[in-house]
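Chain and residue survey
Residue-level listing of the chains:
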Amino acid sequence: MREEELRRHVYRNLREIYGSEEASLWLDAFSSLLLKYRELLGPRETPQDSRLDQHTCVLITYADSIIDEEHRPTLSVLHTFLKNHVGPSISTIHLLPFYPSSSDDGFSVVDPAAVSPPFGTWDDIRRLQEEYHLMFDFVVNHLSRSNAWIKGFLEDVLEYKDFAIEMDGDEDLRYVFRPRALPLLTKIGDKLVWTTFSSDQVDLNYHNPKVLLSMTEVLLSYVHKGASIVRLDAVAFLWKEFGTSCLHHPKTHAIVRFFAWVLSALSPESFLVTETNVPHRENISYFGSGYDEATMVYNFPLPPLVYHTFLSQDATALSAWAKTLFLPSKEVTFFNFLASHDGIGLMPVKDILNKDEIEAMASHTLKEGGFVSRKSEMDGSTSAYELNINYFSALCHIIKDESDALAVSRFVAASAIMIFFKGIPGIYIHSLIGSKNWFGDTSLQEHPRRINREKIIMQELEDELSDPQSLRFSVFSRMLALLEIRKREVSFSPLADQRVVETDKAGCFAFLRSFIQEENAEHKHAEKKPEKQTDTKGKTVEEVLVVINISAKAQEFPSAWWTSLVGTDCVDLQSNCTVPATEALILEPYQVVLLKRTIPWCKRKFEPPTI
């Protein structure tokens, strides 16, 4: 992109956010920054292959989720674990904030340009990047009160004037959406400032173009340091305006579009994922048109819906919701996850599950040693809005006197939904290694999310993973096996079709993944061809039926989906055995069935039959 064209795009974006006058004033500063990083990043070409394919799988981890007794830098310890035990089963590592911070397990960032010394250095990051793609957190809404910019603002340093939002205290804030039951404003020194998430996390003032300029440099520095995916943390709260909810403001979307354009212009192999734990319709608004905002959004309804499905042993709600999902283009997809460093948010399913169903999850969470965060309603009642519990523990003891083997099968079945569902799977490290609730933090009552943030000693972890009788070995080995299947099959590409198979069997969740394949074409080169060609000669369709028994009872699943077509024999992707068409499939409790077939395009039924 020539300099003149770059400046035109910069001006257009700034005008949308700040108006023509401010755009003209700040044009040179923003253009100079982008030209500087264009030089640092070097020439970049748009990848020929899609950035979204079946090989992409993200491991979510803190830099210090694994530690060792010798107190080595934890990024080095993590790298050793990945090399020795995980290898290429995972393509991408999402490193949760590894910057110096003052609280909130990294999300109160003191210096967004540095690596916290106990974790290591940028050289450790670079060594990780040699074997894995990396995803960084861009904590875009706020910074620690100990951050140099925020301290400068608090001390009236001219350079940092208006970097945060100072309030008088008599403003009308009744419409502002509150994600936590904490004060919105905090007195720091002689200033009353806006703090959405905690008194240690001061919101940035994006009404000041210099804040956007500074944060754009942070974004570009992350790409320069190795990030191919950048996660916009708490981005929904970015733009504050009195008289509004200050949530999903049009200016917030304009800033996301600007960040997305910056990456497409300077680093087209990189992209954004937005973290917005809100109802589904609001969440997917961050896809924009399907081309101009986030490439991935977190699929927030999935964790509570899967929890509900296995707790109730009824897939009705999950199947009905899955049928409603859509994507605005082939350029975007969902980031599917079950567990994360945060709790299980319930807001995304408030219009999907009823109050009794939500309270059943809350009750089971408490029974299994977890915590339930509640908020007050207008009628004086309270409702659960977040469950803090390890996901494996959440799915335990659904059946009286159940064995550990049954609990593992249930957890793996739940994980299979995430792994094979349309989108990119994001697996939290404690789900991969079979962790349970962690009660080793003395501040657990004050910080209940830490129940799922265990710091495990490397030597202990390796001992358990080397023991075939251990729970960790059982979970870890089965999870890696599912990931290897996903990598092999183009039908699990995010670009492949997905259709929920309707059934009257509430104990099963089933969906059909299918991919149009050119005759003798390599998968990776065929992905973008189907929509561009109308000639069906020589085309085949690869289909994989995913059937998951979500109950503790054997389930009979009719096979009408394949017996109605030519080419009835299938391959069981887990055993690699041929499976002839039969009257029905019989699934053992929590069994996962993956049946693949390849059929001529002309024989394909576009809608799976209702069973």
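Here is a short report on the structure shown in this document. All residue numbers here refer to positions counted from 1 along the written sequence of the relevant chain. This being a predicted model, a pLDDT of at least 70 is required before a residue's local features are given, and a value of 80 or more before pairs of side-chain atoms are given or counted; all residues contribute to the totals for chains, interfaces and linings. Think of the side-chain values as coming from all heavy atoms in the structure, minus any hydrogens and water.

**Overview of the sheet that holds strand β13 (residues 333-337)**
By the convention used here, strands pair only if DSSP detects at least 2 bridges between them. Per the convention used, a helix needs a DSSP run of H or I reaching at least four residues, while a strand needs a run of E reaching at least two, with both numbered from the N terminus. One closed barrel accounts for 8 strands, arranged β1-β3-β4-β10-β11-β12-β13-β17; its pairing is parallel. The mean angle between the axes of side-by-side strands here comes to 25°, regardless of whether they run parallel or antiparallel. Here a residue-residue contact requires only that any non-hydrogen atoms of the pair lie within 4.5 Å. In this description, a line fitted to the C-alpha atoms serves as the axis of each element, helices being fitted only across the stretch in contact, and the angle between N-to-C directions of two axes falls anywhere from 0 to 180 degrees. The strands that helix α6 (residues 209-224) touches are β4 (133-139), β10 (227-233) and β11 (271-274); relative to β4, the one it contacts most, it runs at about 165°. Where helix α7 (residues 250-266) meets the sheet, it contacts β4, β10 and β11, and its direction lies at approximately 150° from that of β11.

**Quick notes on the side chain of Ser198**
Among the structural elements, Ser198 can be located in the loop between β8 (191-194) and β9 (201-203). Here the term buried applies to any residue with accessible area under 20% of the maximum for its type, exposed to any over 50%, and partly exposed to those in between, with areas from a 1.4 Å probe on protein chains only. Note on Ser198: relative accessible area 18%, which makes it buried. Within polar-contact distance, the side chain of Ser198 engages the side chain of Gln201 at 2.9 Å. Polar contacts, as used here, are pairs of N or O atoms within 3.5 Å; protein pairs need one atom able to donate a hydrogen and one able to accept it. Residues neighboring in sequence count only if both atoms are side-chain atoms.

**With respect to α7**
Given 3.6 residues per helical turn, the α-helix brings residues three or four places apart onto the same face. Every helix has an expected span of 1.5 Å times one less than the residues it contains. With 17 residues, α7 ought to run about 24 Å at 1.5 Å a step, and its terminal C-alpha atoms sit 25 Å apart, in line with that. When you tally the buried positions in α7, you get 12 out of 17 residues, the bulk of the element. When α7 is considered as a whole, its buried residues turn out to be Thr252, His253, Ala254, Ile255, Val256, Phe258, Phe259, Ala260, Trp261, Val262, Leu263 and Leu266. Elements in contact with the buried residues of α7: α1 (3-18), α2 (20-41), β4, α6, β10 and β11.

**Things to note about the packing of helix α13 (residues 404-420) against helix α16 (residues 471-488)**
Their axes nearest at 10 Å, the elements α13 and α16 cross at an angle of 25°. By the angle class used here, α13 and α16 are roughly parallel. Pair α13 / α16 crosses with right-handed handedness. Residues Val408, Ser409, Phe411, Val412, Ser415, Ala416, Ile419 and Phe420 of α13 lie in contact with α16, whose contacting residues are Leu471, Ser474, Val475, Arg478, Met479, Leu482, Leu483, Ile485 and Arg486. Basically, the charged four are Asp, Glu, Lys and Arg, the nonpolar ten are Ala, Val, Leu, Ile, Met, Phe, Trp, Tyr, Cys and Pro, and anything else, Gly included, counts as polar. In terms of residue class, the contact of α13 with α16 is built from 12 nonpolar, 3 polar and 2 charged. Relative orientations are named as follows: roughly parallel for angles under 35 degrees, roughly antiparallel for angles over 145 degrees, roughly perpendicular for angles from 65 to 115 degrees, and oblique for any other angle. It is the rotation of the near helix from the far one that decides the hand of a crossing: anticlockwise by less than a right angle makes it left-handed, clockwise makes it right-handed.

**A few points about the sheet that holds strand β6 (residues 166-167)**
Hydrogen bonding along the main chain pairs the strands of a sheet, whether they run parallel or antiparallel. Overall, antiparallel pairing links the 3 strands, which are arranged β6-β8-β7 in an open sheet. The sheet terminates laterally at β6 and β7 (185-188), the two strands that pair on one side only. One ladder, built from 4 bridges, connects β7 with β8; its direction is antiparallel. The partner of Leu185 across the bridge, within β8, is Trp194.

**Thoughts on α2**
For α2, with 22 residues, the first-to-last C-alpha span of 30 Å sits near the 32 Å given by 1.5 Å per residue. At Trp26, α2 shows its maximal bend, which comes to roughly 50°. Along α2, the positions that sit buried rather than exposed are Ala23, Leu27, Phe30, Ser31, Leu33, Leu34, Leu35, Tyr37 and Leu41. Its buried side turned inward, α2 meets α1, α6 and α7. Following α2 by one or two positions, Gly42 has its phi on the positive side, about 80°. Two axes enter the bend calculation: one fitted to the seven residues ending at the residue in question, the other to the seven starting there, and the bend is the angle between them.

**Overview of the pairing of β10**
A regular strand carries its side chains on alternate faces of the sheet. In terms of burial, β10 is largely enclosed, as 7 of its 7 residues are buried. Taken together, the 6 bridges between β4 and β10 define a ladder with parallel strand orientation. Within β10, the residue paired with Phe138 across the bridge is Leu232. Seen with its strands pointing away from the viewer, a crossover is right-handed when the path leading from the first strand over the helix to the second is clockwise. For the crossover that starts at β10, traverses α7 and ends in the parallel β11, the hand is right-handed.

**Some thoughts on the pattern of salt bridges**
Between side chains of opposite charge, a pair can form as their charged atoms come close. Salt bridge, as used here, is a side-chain nitrogen of Lys or Arg placed within 4 Å of a carboxyl oxygen of Asp or Glu. On inspection of all chains with the given rule, the structure shows 32 salt bridges. Between Arg231 and Asp233 there is a salt bridge, with the nearest N and O atoms lying 3.3 Å from each other. With relative accessibility at 1%, the residue Arg231 sits in the buried group. For Glu454, the salt bridge goes to Arg472, with nearest N and O atoms at 3.8 Å. Linking Glu454 in the loop between α14 (429-432) and β18 (456-457) with Arg472 in helix α16, this pair joins segments that are 18 residues apart in sequence. Each of the two residues, Glu454 as well as Arg472, counts as buried. When salt bridges that share partners are traced, they join Asp105, Asp342, Glu386, Asp441, Arg449, Arg450 and Arg453 into one network.

**Some remarks on the packing of aromatic side chains**
Classification of ring pairs uses Phe, Tyr and Trp, with its six-membered ring standing for Trp, and accepts pairs whose centres are within 6.5 Å; under 30 degrees between planes counts as stacked, over 60 as edge-to-face, and the remaining range as tilted. Counted by the stated rule, this structure contains 30 aromatic pairs. For the ring pair Tyr298 and Phe337, a centre distance of 5.3 Å and an interplane angle of 75° mean the geometry is edge-to-face. Placement of the pair is Tyr298 in strand β12 (residues 296-298) and Phe337 in strand β13, with a sequence separation of 39 residues. Comparing Tyr298 with Phe337 shows no difference in burial state: the two are buried. With 5.4 Å between their ring centres and 50° between their planes, Phe509 and Phe511 make a pair best called tilted. Site record: aromatic cluster; members linked through ring pairs are Phe30, Phe98, Tyr99, Trp122, Phe136, Phe138, Tyr222, Phe258, Phe259 and Trp261. Positioned above the aromatic ring of Trp239, the side-chain terminus of Lys251 is 6.0 Å from the ring centre. Our definition puts a charge over a ring when NZ of Lys or CZ of Arg is within 6 Å of the ring centre and also within 35 degrees of the ring normal.

**A look at the pairing of strand β19 (residues 497-500)**
A one-sided burial pattern is seen for β19, the buried positions being Gln498 and Val500 and the unburied ones Asp497 and Arg499. Where β19 meets strand β20 (residues 508-517), 4 bridges bridge the pair, whose relative direction is antiparallel. What sits directly across from Val500, in β20, is Phe511.

**Considerations on unusual backbone geometry**
Not every positive phi belongs to a glycine, and Asp156 is a case in point at roughly 60°. In this structure, Asp156 sits in the loop between α5 (148-154) and β6.

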